[in-house]
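Letter by letter, the chains look like this.
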Amino acid sequence: MMKSNLVHELSLYGMASDPIYVGTGGYTIGRVDNTIVRDPITKTPKIPGSTLAGVWRYYTVLKILAEIKKEQPTIEDLKKLEGKTLSEKIAKFAEEKECFRTSGENCRENSWKYFVGNILTSVNCAGQDEAPYMNTDEILVDGKNEGGSKRGHCGHCIVCKGFGFSKKDLSWQGMIFFSDLTILFFPVFTRWGTRWITTGEILQDAGFLASKNSPPATSCFVLGKWENQSKSGAINLGWLYLPFTCKEEIEEELNQNLKKVSGLPFTAEEIVIVPEGLFSQIVNSNLEVRTSVSINPITGAAKEGALFTSEAVPRGTVFRGNIRIFDKQCFAGLQEKIAPLPSYGDLEKALKEAGEFFNILGIGGMTTRGFGRLKIAFG
Ligand SMILES: [Zn+2]
């Protein structure tokens, strides 16, 4: 983790507990109808930061509501309170209720879920803003917003301030920045069982090896001693047959660094380092391809001509990326409407707790069809 006064960076790892499908929305490549998102340069599948941010935002709202829904006031309750602006009324409610906090101290619950603006958190704070034409104070306007159906982003809670919002009177960038998640280790079936492939460059970028250890263009490195294995030979990675040499000398360093990620399903002995130029080839030819057919609801049988295929990143794939939290506390005094801001610590806790939902509800498409669960770990 990198730390500076303004920007805190967290290393993020994601392990696919199910195949993961993050679709492009209707491209066909070869025999696959539903293709997944790929990096335009490396041609390997990725999970875009925008997907990650949107899902994380939703899960943060779920975490908050699960705990504090019963403590929240109705719009009517808020209207009755003293104060000219909505922020003043929120502060007043927090003072009376004593469980939401107006500052780091004096709070009954030392939890990010009781950040003062969360008095207004609703499910509308996730997803697209349904009412961007409203002002941040307009939730109190008579007749317009009753019932919560057209509330949109509230612009006051930890979700809106952390992930950003845009209302008529105020646009706020947010404080949490997500990178894309790219593949760190990818499982491939070999005659020795499952092995996880990666490259020297990926390992060095991830900080798992101090120096770059890339094999020549047409061979690979294996680590450790496998049963009946000599110092060199050949291994099949899917359909590709590659000569290998044993790189025992980096096994120890790699094993030490793998410990940074809790819950990895393998050790250095099961890693194969492939040439940079072959990585995307091997990944793309070992994706999970599933063939489905639409069912005719009347007959209950397969619909004519409705056969389609989808590709997905297989279970066991390990992704990496990072999250940067921009601590904007110093700006809060400059823009009255945005104060108070959640602290860096609150946002980190919120991300970690809400991140648990990725391994329960998943990310991407077909999550009700056995896809999408992702185990999140921070390094
Ligand atoms: Zn909100």
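What you see is a predicted model, and the numbers here were worked out from it, not measured in a lab.

About the criteria used
Residues numbered from 1 in each chain as written. Predicted model: local features only at pLDDT ≥ 70, side-chain atom pairs only at ≥ 80, totals over all residues. Heavy atoms only, no water. Helix = DSSP H or I, 4+ residues; strand = E, 2+ residues; numbered from the N terminus. Buried < 20%, exposed > 50% of the residue type's maximum accessible area, 1.4 Å probe, protein only. Contact = heavy atoms within 4.5 Å. Areas by Shrake-Rupley, 256 points an atom, 1.4 Å probe, with all protein chains shown as cover. Donors = N, O, S within 2.8 Å, 3.2 Å for Na, K, Ca; no water. Salt bridge = Lys/Arg side-chain N within 4 Å of Asp/Glu carboxyl O. Pairing = 2+ DSSP bridges. Core = buried A, V, L, I, M, F, W, Y, C linked by side-chain atoms within 4.5 Å. Phe/Tyr/Trp six-rings, centres within 6.5 Å; stacked < 30°, edge-to-face > 60°. Lys NZ or Arg CZ within 6 Å of the ring centre and 35° of its normal.

S.K.: What is the right way to look at the overall build of the protein in this model?
M.R.: Of regular secondary structure, the protein possesses eight helices and 16 strands. In the protein, buried positions account for 51% of the 379 residues. Across the protein, contacts joining residues at least 24 apart in sequence account for 68% of those joining residues at least 6 apart. Working note: accessible area of the protein is about 17800 Å², and carbon and sulfur atoms make up 51% of it.

S.K.: Which parts of the structure should I look at to understand the coordination of the zinc ion?
M.R.: Working reference: metal with six octahedral donors, ideal angles 90 or 180 degrees; metal with four tetrahedral donors, ideal angle 109.5 degrees. Only Cys-125 (SG), Cys-154 (SG), Cys-157 (SG) and Cys-160 (SG) from the protein reach the zinc ion as donors, at distances of 2.3 Å. For the zinc ion, the single-chain donor residues occur in sequence as C-x28-C-x2-C-x2-C. Of the two residues, Cys-125 is situated in the loop between helix H3 (86–97) and helix H4 (158–163) and Cys-160 in helix H4; the sequence distance between them amounts to 35 residues. Overall, the relative accessible area of 0% leaves Cys-125 in the buried class.

S.K.: Can you walk me through unusual backbone geometry in this structure?
M.R.: Excluding glycine, residues mostly have negative phi values, and the peptide bonds linking residues are mostly trans. Of the consecutive residues Ala-339 and Pro-340, the connecting peptide bond is found in the cis state with omega at -5 degrees. Positionally, Pro-340 belongs in the loop between strand S15 (318–326) and helix H8 (344–354). For Lys-43, which is not glycine, the phi dihedral falls at a positive 65 degrees. By secondary structure assignment, the location of Lys-43 is in the loop between strand S2 (7–16) and strand S3 (46–47). Owing to a relative accessible area of 47%, Lys-43 belongs among the partly exposed residues under this scheme. Located in the positive-phi region is Met-366, a residue other than glycine, with phi close to 55 degrees.

S.K.: Would you mind showing me how to read the pattern of salt bridges here?
M.R.: Scanning the entire structure with this criterion turns up 15 salt bridges. The shortest N-O distance in the salt bridge between Arg-38 and Glu-311 comes to 2.9 Å. Pair noted here: Arg-38 is in the loop between S2 and S3 and Glu-311 is in strand S14 (residues 302–312), with a separation of 273 residues, a long-range link. Taking the shortest distance from any N to any O, the salt bridge between Asp-180 and Lys-46 comes out at 2.8 Å. Here the residue Asp-180 occupies a position in the loop between strand S6 (176–178) and strand S7 (181–190), and Lys-46 occupies one in strand S3, the gap between them amounting to 134 residues. The structure contains a network of salt bridges with shared partners spanning Asp-18, Arg-315 and Arg-373.

S.K.: What am I meant to see in the pairing of S7 here?
M.R.: For a regular strand, side chains alternate in direction, first toward one face of the sheet and then toward the other. In terms of residue burial, S7 counts as a mostly covered element, since eight of its 10 residues are buried. In this sheet, S7 lies alongside S3 in antiparallel orientation, the contact comprising two bridges. Note on S7: the bridge partner recorded for Ile-47 is Leu-181. Relative to S15, S7 runs antiparallel, the two sharing three bridges.

S.K.: What is the right way to look at the nonpolar core in this model?
M.R.: Note on soluble globular proteins: their nonpolar side chains tend to be buried together. Trp-56, Phe-185, Ile-197 and Phe-208 are the most contacted members of the largest nonpolar core, which has 107 residues in total. Examining the composition of this core, we find that eight residues originate from one element, helix H1 (residues 49–68), more than from any other. Contact partners of Phe-185, with chain neighbours within four places excluded, come to Trp-196, Ile-197, Thr-198, Leu-203, Phe-208, Leu-258, Phe-266, Ile-271, Thr-317 and Val-318.

S.K.: So what exactly am I meant to see when it comes to the environment of Ala-131 here?
M.R.: Looking at where Ala-131 falls in the secondary structure, it is placed in the loop between H3 and H4. On the basis of relative accessible area, Ala-131 is assigned to the buried category, the value being 0%. With 36 residues separating them in the primary sequence, Ala-131 and Lys-167 have C-alpha atoms 7.8 Å apart.

S.K.: In this structure, what is going on with the packing of aromatic side chains? I would like to understand it.
M.R.: One pair of aromatic rings is described through two measures. These are the centre distance and the angle between the planes. Inspection of the entire model under this criterion finds 13 aromatic pairs. For the ring pair Phe-185 and Phe-266, a centre distance of 5.1 Å and an interplane angle of 75 degrees mean the geometry is edge-to-face. Taken together, the residues span a long stretch of sequence, with Phe-185 in strand S7 and Phe-266 in the loop between helix H6 (251–258) and strand S12 (271–273) at a distance of 81 residues. There is no split in this pair, since Phe-185 and Phe-266 are both buried. Counting every residue linked through ring pairs, the aromatic cluster contains Trp-56, Tyr-58, Tyr-59, Phe-163, Phe-178, Phe-357, Phe-358 and Phe-378. Here the guanidinium or amino end of Lys-247 rests over the ring plane of Phe-221, the centre of that ring lying 5.0 Å away. Here Lys-328 stacks its cationic end above the ring of Trp-172, 4.4 Å away from the centre of that ring.

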